[in-house]
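Per-entry structural report
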Amino acid sequence: MIHRLFLAICLAALYSAAAGRAVQGVEPVSASQSVPQPPDKWRYTLFDPTPADQLRGMDTDRPNATNTPHTIDAGHLQLEAGALDYSYYRDRSINDDVRSDDFSFGQFNFRLGLLNNLEVNAVIDAYDLDRSRRYDTRTSARAAGFGDTVVGGKLNFWGDDGGEQVWTTAFAVQAQFKVPTARSNVGNGRFEFSVAFPFLMNLPAGFHLDYQPGVSYQRDSLNGGYVTGMENAVSIDRVVWRNLDVYLEYASDVTTESHVKAVQTLDVGGSYSLSDNVVIDLGVNFGLNNASTTVEMLTGVSVRF
């Protein structure tokens, strides 16, 4: 209420000043000249792209688990490429002594803006390599090939162009549908579906709070049937030096499958903007229990066209 009253007083003062100049034969200043209005971006579509000078700040869904609620501007394409994703898992639980090394080379997420607040995307895993070794039986296994494909989209409800004002929020819904394109020894060969709700709030001192709850319809650990998954991710990030944005995140995934622990990780990393349209990133995820990957390291680059 206070800031609205202050704005009204300022407008009244400008009007009085303009009226005074009009009496003296001076051209009055119009309201549109005295109070610049933000550009109307809702008319832009895939076939009538948003002008380059009206693009919102570049934001990416990688490398952390908490996605952004911001969508790609209409008529523009953003490619988020994972150059390398390596995960290491060591299970020394009762009757088990297993090591797993998984590599993903070239994970490509194509994000295309359809409307001012709506995008579609497709994620392709170019090549996956999984290796495992059982030390108790001295046996090993290896699987490699093209990965699964994920298609979906994101709809922003508010805050796409909210800026950096403190306590400004943004919210979206993001649906993803996995198509089993991987070889049988790389993927589980089944369709899966998930819906997430990315939320962002700007905090004081340049911090940002991101929270993303979600639900999924996924295969169980033995690939014998479907279970419901409940995902949660929360992160804090801040620009600490020039264009370097660092984050700290907690992520979990629990399912309705009996006797299966929740996957829990503590994630750290950051991204660096080389320009308005190019961002490089690096992330490291640490498993918090024996149901989680021991450590995962990933790096990539994102480019906006």
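Up top is the structure.
What comes next concerns the included structure. Just so we're clear, the structure is a prediction, and the values are computed from it rather than from any experiment. (Residues numbered from 1 in each chain as written. Predicted model: local features only at pLDDT ≥ 70, side-chain atom pairs only at ≥ 80, totals over all residues. Heavy atoms only, no water.)

**Brief notes about the layout of surface pockets**
Regions of empty space are outlined by a rolling probe, equal in size to a water molecule, passed over the atoms. There is about 1,000 Å³ of room inside the second largest pocket. Lining the second largest pocket we find 42 residues, and of these Gly-57, Met-58, Asp-59, Glu-164 and Asp-245 sit closest to its centre. Within the residue set of the lining of the second largest pocket, elements represented by two or more residues are β6 (169–179), β8 (199–202), β9 (207–219), β10 (226–241), β11 (244–255) and β12 (263–275). (1 Å grid on protein atoms, 1.4 Å probe; cavity = no way out; pocket = protein on both sides within 12 Å on 5 of 7 lines; lining within 4 Å. Points joined across faces, edges and corners; volume = space filled by probe spheres on them. Helix = DSSP H or I, 4+ residues; strand = E, 2+ residues; numbered from the N terminus.)

**Focus on the pattern of salt bridges**
Counted according to the given criterion, the structure contains 14 salt bridges. Of the charged contacts, one joins Arg-111 and Asp-61 as a salt bridge, the two residues approaching to 3.9 Å between their closest N and O atoms. In this pair, Arg-111 sits in strand β2 (residues 98–115) while Asp-61 sits in the loop between α2 (31–34) and β1 (77–91), placing the two residues 50 residues apart along the sequence. For Asp-61, a relative accessible area of 8% corresponds to the buried category. Shared partners join several salt bridges into a network, and the residues in it are Lys-41, Arg-56, Asp-73, Asp-160 and Asp-161. (Salt bridge = Lys/Arg side-chain N within 4 Å of Asp/Glu carboxyl O. Buried < 20%, exposed > 50% of the residue type's maximum accessible area, 1.4 Å probe, protein only.)

**A look at empty space enclosed by the protein**
Under the criterion given, the structure shown has one cavity of 30 Å³ or more. In this structure, the largest cavity encloses a volume near 70 Å³. Lining the largest cavity we find Arg-56, Gly-57, Met-58, Asp-59, His-70, Thr-71, Ile-72, Asp-73, Gln-78, Arg-111 and Arg-304. The class makeup of the residues in the lining of the largest cavity is two nonpolar, four polar and five charged. (Nonpolar A, V, L, I, M, F, W, Y, C, P; charged D, E, K, R; others polar.)

**Let's talk about the pairing of strand β7 (residues 192–196)**
Most of β7 is tucked away: four of the five residues are buried. Relative to β7, β6 runs antiparallel, the two being bridged by five bridges. Within the sheet, the bridge partner assigned to Gln-176 lies in β7 and is Ser-194. Taken together, the four bridges between β7 and β9 define a ladder with antiparallel strand orientation. What sits directly across from Val-195, in β9, is Val-215. (Pairing = 2+ DSSP bridges.)

**Considerations on the packing of aromatic side chains**
Counted under the stated rule, the structure contains 10 aromatic pairs. Ring geometry for Trp-241 against Tyr-272: centres 6.4 Å apart, planes inclined by 25 degrees, an arrangement best described as stacked. In this pair, Trp-241 sits in strand β10 while Tyr-272 sits in strand β12, placing the two residues 31 residues apart along the sequence. With relative accessibility at 48%, the residue Trp-241 sits in the partly exposed group. (Phe/Tyr/Trp six-rings, centres within 6.5 Å; stacked < 30°, edge-to-face > 60°.)

**Structural notes on unusual backbone geometry**
With an omega of 5 degrees, the peptide bond between Arg-62 and Pro-63 qualifies as cis. Following the sequence through the fold, Pro-63 ends up in the loop between α2 and β1. For Ala-205, which is not glycine, the phi torsion reads 65 degrees and is therefore positive. Position of Ala-205 relative to the elements: it lies in the loop between β8 and β9. Unlike most non-glycine residues, Asn-223 shows phi in positive territory, near 60 degrees.

**Structural notes on a nonpolar patch on the surface**
Taken together, the side chains of Tyr-211, Val-234, Leu-248, Tyr-250, Leu-266, Val-268, Phe-286 and Leu-288 present a nonpolar region at the surface, about 630 Å² in accessible area. Elements supplying a minimum of two residues to the nonpolar patch: β11 and β12. For Tyr-211, the location among the structural elements is in strand β9. Owing to a relative accessible area of 35%, Tyr-211 belongs among the partly exposed residues under this scheme. (Patch = residues over 30% accessible without salt bridge, like charges linked within 9 Å, V, L, I, M, F, W, Y side chains within 5 Å. Areas by Shrake-Rupley, 256 points an atom, 1.4 Å probe, with all protein chains shown as cover.)

**Section: the pairing of strand β14 (residues 295–304)**
In this sheet, β14 lies alongside β1 in antiparallel orientation, the contact comprising 10 bridges. Bridged to Leu-84 within β14 is Thr-299. Sheet topology places strand β13 (residues 278–287) next to β14; nine bridges connect them, and they run antiparallel. The residue bridging Gly-283 from the neighbouring strand is Leu-298, located in β14.

**What about the environment of Gly-269?**
For Gly-269, the location among the structural elements is in strand β12. It is 7.0 Å that separates the C-alpha atoms of Gly-269 and Leu-248, two residues lying 21 residues apart in sequence.

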